[in-house]
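Each chain, written out:
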Amino acid sequence: KRARGVGVCHSNLHLNAPLFSMAGVVKTFGGLARAAGKALDRLGASLEAAPYFEHLNPSTRVVSYQGVQPKISGSVFVAPTATIIGEVQIGEGSSVMYGATIRADVNNIAIGQNTTVGDRAILHVAKIQGDAPTIIGDHVLVGPNAVIHACELKDECFIGAGASVLDNAVVEKHAWVAPGAIVTMGVTVPSGQLWAGVPAKAVRDLTEEEISSIKATALENVALAETHRLEQEKKVDQVVLEEHLHQCDEEREPEMGPRFDPAGDEWRKRKLPEPPAPTHEEIYYGPSKTATRFN
């Protein structure tokens, strides 16, 4: 036995201290389970007759109807769960967010530039009871769950979440339809007014700040949609690598300082040749190699 307080190393424990903490047990078990899973994955890969590689396959549905294919500009973001059918034309910088449906089967739909179609919104047309396409201008905001049916939305107007604009209705430039409102058939919402209710009625005039915010928000959505597009284009190896680097950052001790990422901006500023991309096997099965190269 050593004298108390004399020559005692940091690894020794006090007699009254618990040998293990619950957090330590969980962390140790998690590491063992992860290592066991990797070992099983390596074993399965070695037994395969042909090598298997994972791919991220987007489920975007852009569907032709009676031989007519949607025309979508190259800078448009279409979310993987969105659906675009038939005679649809979408201008530069616009976005169709998750779960939205644009169906132009019995008539055409035209969407201008820098316009956002929100999550789960529905755009459709009419032909059986009157010839009515759906025309949407530039810098228009269509909120989530909105229904736009055989009507016209002019430039820089706002349609709130869950609102409906029905057949042959017109929403003028700089007009605002409140969330949940229903603009009934053939009604025109004048410029500079806020309409709300069921059926929608004029509530008040919009302020200059509210009017200017429509276009500003539309341009912000263009930048936001671009980040979503870049995320959707990532390959599976890049996603796994980013998860690994994120885990390394979480486990990194504060005194070690920030991690130097050779694939990031600092590497490019030094104008050095970029390191070779990690292989599939290095990312999955070589944590020691990966830690050496990317930390």
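Being a predicted model, the structure only gives us computed values, none of them experimental.

1. Here's the deal with the overall build of the chain
Phase 1: When you go through the chain residue by residue, the secondary structure sums to six helices and 20 strands.
Phase 2: Per-residue burial for the chain yields a buried fraction of 33% across its 295 residues.
Phase 3: Nonlocal contacts in the chain, meaning residues at least 24 apart in sequence, comprise 25% of its contacts between residues at least 6 apart.
Phase 4: Accessible surface, the chain as shown: approximately 18,300 Å² in total, 57% of it carbon and sulfur.

2. Quick word on the side chain of threonine 134
Phase 1: Examined against the element boundaries, threonine 134 turns out to sit in strand β9 (residues 134-136).
Phase 2: For threonine 134, the side chain forms a polar contact with the main-chain oxygen of histidine 124, separated by 2.5 Å.
Phase 3: Within the local environment of threonine 134, its side chain forms a polar contact with the backbone nitrogen of alanine 150, the two atoms lying 3.0 Å apart.
Phase 4: Setting aside residues up to four positions removed in sequence, threonine 134 forms contacts with Asn108, Ile109, Ala110, His124, Val125, Ile148, His149, Ala150 and Cys151.

3. Considering the pattern of salt bridges
Phase 1: Under the counting rule described, the total for this entry stands at seven salt bridges.
Phase 2: The closest approach of N and O atoms between glutamate 172 and lysine 154, which form a salt bridge, is 3.4 Å. Of the two residues, glutamate 172 sits in the loop between β15 (170-171) and β16 (176-177) while lysine 154 sits in the loop between β12 (152-153) and β13 (158-159), which places them 18 residues apart along the sequence.
Phase 3: Overall, lysine 154 belongs to the partly exposed group, its relative accessible area being 31%.
Phase 4: Within the structure, one salt-bridge network assembled from shared partners comprises Glu226, Arg229 and Glu233.

4. Looking at the pairing of strand β20 (residues 201-205)
Phase 1: Of all five residues that make up β20, zero are buried, and the element is exposed over most of its length.
Phase 2: What sits between strand β19 (residues 193-196) and β20 in their antiparallel hairpin is a turn of four residues, with glycine 197 showing a positive phi close to 100 degrees.

5. A short note on the sheet that holds β19
Phase 1: Read from one edge of the open sheet, eight strands run β3-β5-β7-β10-β13-β16-β19-β20, paired in mixed fashion. In the strand order of this sheet, the two ends are held by β3 (77-78) and β20, each with one partner.
Phase 2: Across two bridges, β3 lies against strand β5 (residues 95-96) in parallel orientation. Bridge assignment links valine 78 to a residue of β5, and that residue is valine 96.

6. A few points about the nonpolar core
General note: in soluble globular proteins, nonpolar side chains tend to be found buried as a group.
Phase 1: Among the nonpolar cores identified, the biggest contains 40 residues, and Ile102, Leu123, Ile148, Leu153, Ile159, Val165 and Val171 are the most heavily contacted of them.
Phase 2: Every element with two or more residues in this core is listed here: β3, β4 (83-90) and β6 (101-111).
Phase 3: Per-element accounting of this core gives the leading share, four residues, to β6.

7. Considerations on the side chain of serine 94
Phase 1: Take serine 94: it is sitting in the loop between β4 and β5.
Phase 2: Ignoring anything within four residues of it in the chain, the contact list for serine 94 reads Ser75, Val76, Phe77, Ile111, Gly112, Gln113, Asn114 and Thr115.

8. Observations concerning helix α2 (residues 208-232)
Phase 1: Between the first and last C-alpha of α2 there are 37 Å, a value that for 25 residues agrees with the 36 Å anticipated at 1.5 Å per step.
Phase 2: In the structure, α2 departs most strongly from a straight axis at isoleucine 214, where the bend amounts to approximately 25 degrees.
Phase 3: By the burial criterion, the buried members of α2 are Glu210, Ile211, Ile214, Ala218 and Ala225.

What counts and what doesn't
Residues numbered from 1 in each chain as written. Predicted model: local features only at pLDDT ≥ 70, side-chain atom pairs only at ≥ 80, totals over all residues. Heavy atoms only, no water. Helix = DSSP H or I, 4+ residues; strand = E, 2+ residues; numbered from the N terminus. Buried < 20%, exposed > 50% of the residue type's maximum accessible area, 1.4 Å probe, protein only. Contact = heavy atoms within 4.5 Å. Areas by Shrake-Rupley, 256 points an atom, 1.4 Å probe, with all protein chains shown as cover. Polar contact = N/O pair within 3.5 Å; in protein donor to acceptor, adjacent residues only side chain to side chain. Salt bridge = Lys/Arg side-chain N within 4 Å of Asp/Glu carboxyl O. Pairing = 2+ DSSP bridges. Core = buried A, V, L, I, M, F, W, Y, C linked by side-chain atoms within 4.5 Å. Expected span 1.5 Å × (residues − 1). Bend = angle between axes of the 7 residues up to and from the residue.

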